[in-house]
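Structure at a glance
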Amino acid sequence: MSKKNQSKLNGTDSINKLSEKVLNALKDGRVKKILTEETNVIVNNAKANILSVSSSVSNSIQHIERGNYPLHVLIAPKYPEGNLAHFFEYGTKPRYTKDGSYRGQIIATPFMRPAIDSNIKQVEKQIGARIKTEVQKLKK
């Protein structure tokens, strides 16, 4: 290998050490904590959006842990309290019995999608800033 090529490879040890620190940060839950804290605004907004329709669905909205996905945050109604959530979010068609009697319908009252849409840009910025800060700490 020429000296020119060797000089380009200098510094790989520091990159390897930093990547090892980043992997440890992912494993120890720091990133998951940031994601959960910064997405609380979406949880609170969704709860407020549905509260007037169903307090049980509102109370069931939370972060749901999925152990296999350390870098994902799932925000959803927890069952069984939130078992009607999808009906409220998307609505239902009019329902009739076999003899033609009208049994009603649920008018869509979206609560999750508006909560996400109105907050996602702010949440993404906050997560990015906090992760950048964590990476800066790891460089030291």
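Residues numbered from 1 in each chain as written. Predicted model: local features only at pLDDT ≥ 70, side-chain atom pairs only at ≥ 80, totals over all residues. Heavy atoms only, no water.

Quick notes on the overall build of the chain
Quick reminder of the rule: Helix numbering and strand numbering both begin at the N terminus, where a helix is a DSSP run of H or I of at least 4 residues and a strand a DSSP run of E of at least 2. Here's how the labels work: a residue is buried when its accessible area is under 20% of the maximum for its type, exposed when over 50%, partly exposed in between, all with a 1.4 Å probe on protein chains only. Should any heavy atoms of two residues lie within 4.5 Å, those residues are counted as being in contact. In this description, accessible areas are obtained by the Shrake-Rupley approach with a 1.4 Å probe, and a residue is regarded as covered only by the protein chains that are shown.
Secondary structure summary: the chain contains seven helices and four strands in total. Along the chain, helices and strands appear, N-terminal first, in the series α-α-α-α-α-β-β-α-β-β-α. The buried share among the 140 residues of the chain stands at 26%. Summarising the internal contacts of the chain: among those between residues at least 6 apart in sequence, 51% fall at separations of at least 24. Counting only carbon and sulfur atoms, one obtains 55% of the accessible surface of the chain, whose full area is about 10000 Å².

Topic: the packing of helix H4 (residues 40-50) against helix H7 (residues 112-139)
Condition: To define axes, lines are fitted to C-alpha atoms, for helices over the stretch in contact only, and angles between the resulting N-to-C directions are given on a 0 to 180 degree scale. Every angle not falling under 35 degrees, over 145, or within 65 to 115 is termed oblique; those three ranges are roughly parallel, roughly antiparallel and roughly perpendicular. In a left-handed crossing the near helix is turned counterclockwise from the far helix by less than a right angle, and in a right-handed crossing that turn is clockwise. Amino acids outside the nonpolar list (Ala, Val, Leu, Ile, Met, Phe, Trp, Tyr, Cys, Pro) and the charged list (Asp, Glu, Lys, Arg) are all regarded as polar, and Gly is one of them.
For the pair H4 and H7, interaxial distance at closest approach is 9 Å and the crossing angle is 155 degrees. Between H4 and H7, the crossing angle belongs to the class labelled roughly antiparallel. In this structure, H4 crosses over H7, and the sense of that crossing is right-handed. Mapping the contact onto sequence places Val-41, Ile-42, Asn-45, Ala-46 and Asn-49 in H4 and Met-112, Pro-114, Ala-115, Ile-116, Ser-118, Asn-119 and Val-123 in H7. Grouping the amino acids of the contact of H4 with H7 by side-chain chemistry returns eight nonpolar, four polar and no charged.

Quick notes on the side chain of His-63
Filter applied, for reference: Each polar contact in these results corresponds to two N or O atoms within 3.5 Å; when the atoms are within protein, one needs to be able to donate a hydrogen and the other to accept it, and residues that are neighboring in sequence are counted only if both atoms are side-chain atoms.
The topology assignment puts His-63 in strand S1 (residues 61-64). Residue classification places His-63 among the buried residues on the basis of a relative accessible area of 17%. Here the side chain of His-63 touches Thr-36 through a polar contact of 3.4 Å, landing on its backbone oxygen. There is a polar contact of 2.7 Å between the side chain of His-63 and the side chain of Thr-39. The contact partners of His-63, leaving out residues within four places of it in the chain, are Thr-36, Thr-39, Asn-40, Val-43, Val-73, Leu-74 and Ile-75.

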